[in-house]
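Breakdown of the fold
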Amino acid sequence: MATLLDQLREMTVVVADTGDIQAIEKFTPRDATTNPSLITAAAQMPQYQEIVDETLKQAKADAGSGATDSQVATLAFDRLAVEFGKRILAIVPQRVSTEVDARLSYDTEATIAKGRELIAQYEAAGISRDRILIKIASTWEGIKAAEVLEKEGIHCNLTLLFGLHQAIACAESGVTLISPFVGRILDWYKKETGRDYAPAEDPGVLSVTKIYNYYKKFGYPTEVMGASFRNIGEIIELAGCDLLTISPSLLAELQATEGQLVRKLDPAKAATMDIEQITIDKATFDKMHAEDRMASEKLDEGIKGFTKALETLEALLAKRLAQIEGGALVNHAAEDLFKAYDLDGDGFITREEWLGTDAVFDALDENKDGKITPEEVHAGLGGALLAGV
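The sections below set out a description of the structure shown in this document. Keep in mind it's a predicted model, so treat the numbers as computed, not measured. (Residues numbered from 1 in each chain as written. Predicted model: local features only at pLDDT ≥ 70, side-chain atom pairs only at ≥ 80, totals over all residues. Heavy atoms only, no water.)

Moving on, we come to the pairing of strand 6 (residues 177–180). Burial along strand 6 is two-sided: the face carrying L177 and S179 and the face carrying I178 and P180 are both buried. When strand 5 (residues 156–161) meets strand 6, the two strands line up parallel, connected through three bridges. Among the inter-strand pairings, N157 is bridged to a residue of strand 6, identified as L177. Note that the unit made of strand 5, helix 8 (residues 164–172) and strand 6 has a crossover that is right-handed. Two strands pair when backbone bridges link them, and strand 6 and strand 7 (residues 223–226) are joined in this way by two bridges, in the parallel orientation. By the bridge assignment for strand 7, L177 is matched with E223. (Buried < 20%, exposed > 50% of the residue type's maximum accessible area, 1.4 Å probe, protein only. Helix = DSSP H or I, 4+ residues; strand = E, 2+ residues; numbered from the N terminus. Pairing = 2+ DSSP bridges. Right-handed = clockwise from strand over helix to strand, strands pointing away.)

The biggest cluster of nonpolar side chains holds 86 residues, and the ones touching the most others in it are L8, I134, L158, I178, Y215 and I246. For this core, the element with the most residues is helix 5 (residues 69–89), which contributes ten residues. The residues touching I178, leaving out its near neighbours within four places in the chain, are N157, L158, L161, A167, C170, I211, Y215, T222, E223, V224 and M225. Of all hydrophobic cores here, the second largest spans 13 residues; its members include I185, W188, M294 and A295. (Core = buried A, V, L, I, M, F, W, Y, C linked by side-chain atoms within 4.5 Å. Contact = heavy atoms within 4.5 Å.)

Before going further, it helps to spend a moment on the pairing of strand 3 (residues 96–99). Taking every second residue as pointing to the same face, both faces of strand 3 are buried, with V96 and T98 on one and S97 and E99 on the other. Sheet analysis places strand 2 (residues 31–33) next to strand 3, joined by two bridges and oriented parallel. Across the sheet, the residue bridging to A32 is V96, located in strand 3. Sheet topology note: the strand 3/strand 4 (residues 132–137) ladder contains four bridges and is parallel. Bridging across to strand 4, T98 finds its partner in I134. Of the crossover connections in this fold, the one passing from strand 3 over helix 6 (residues 108–124) to the parallel strand 4 is right-handed.

Here's what the structure looks like:
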């Protein structure tokens, strides 16, 4: 009997949620996606040190002699994301998602400028914009930025999406793809209710199913890519979704599991459903967002988390630059990473403090007790790359 992964690929596009080039080579997905947390982990792995160092050296030269290490590191971040993207595109047949600075999430014009800048870097390297998805947070301002970019032929992946109002606004703005976060929705409801959920009643699964059916009912071409999975049960319940972005650890579990996979999401079924169509303007978006406490809290938390991951990466890059230039010879990357996330200073990083990439947290949390110790950060910094959004 075929594996669950083989069967899933017959009905859904499988995307690798990782920046680890070796993992991408192993699972041969059609697309791949990265974010600052994944690049932070990659930047500490010996096999990618040459990429990091060369990117830093070039950023230093371009920034000029008066630039501080911190300024050079900020310049190097986008270039590093593009460098990893270029190498990933040499493996995957279609697209890679590259993320806009989360600190720009509420600034439409700055997001547009950053999207154009990232595309320019790829095109300067001879890579067509059709192979790039610019990853933007699903704020109203981010969605409006994506609308402008899409009209310029710059395709966008709207992330940190938790509510139907965000999804409808994206579809009406002509966004290429959205990434609703299944696992983070589940996390919120488990914390709120104190109960566990079977995959078929998982709030994240139900949210993506509702969005998928809405899109197919009204003929929106925007693709739905479920993301941030906690277990393969969630993936099984979303079989048939346009795309699913899955961490290498869950890809391996799907590949090792045999059984009959039943298609759960189907455009033909969605077309027959009785669904009310909603038009979203800013006032409606703001009203629905305020009424959806889960979506508003998780969007805010996600932006803060991605910002923290970016700031951590920039600090690590600045320290690495100092090493290259003959500064400190000891790499304290693990200590720096731990201190950045241990917000209350109690010696542990909880999932709420982490605020960044969920599956990286899971990869670091070796004993699965919901807390990361300094020792686990030391032991798992490189292995954390084998995880996704």
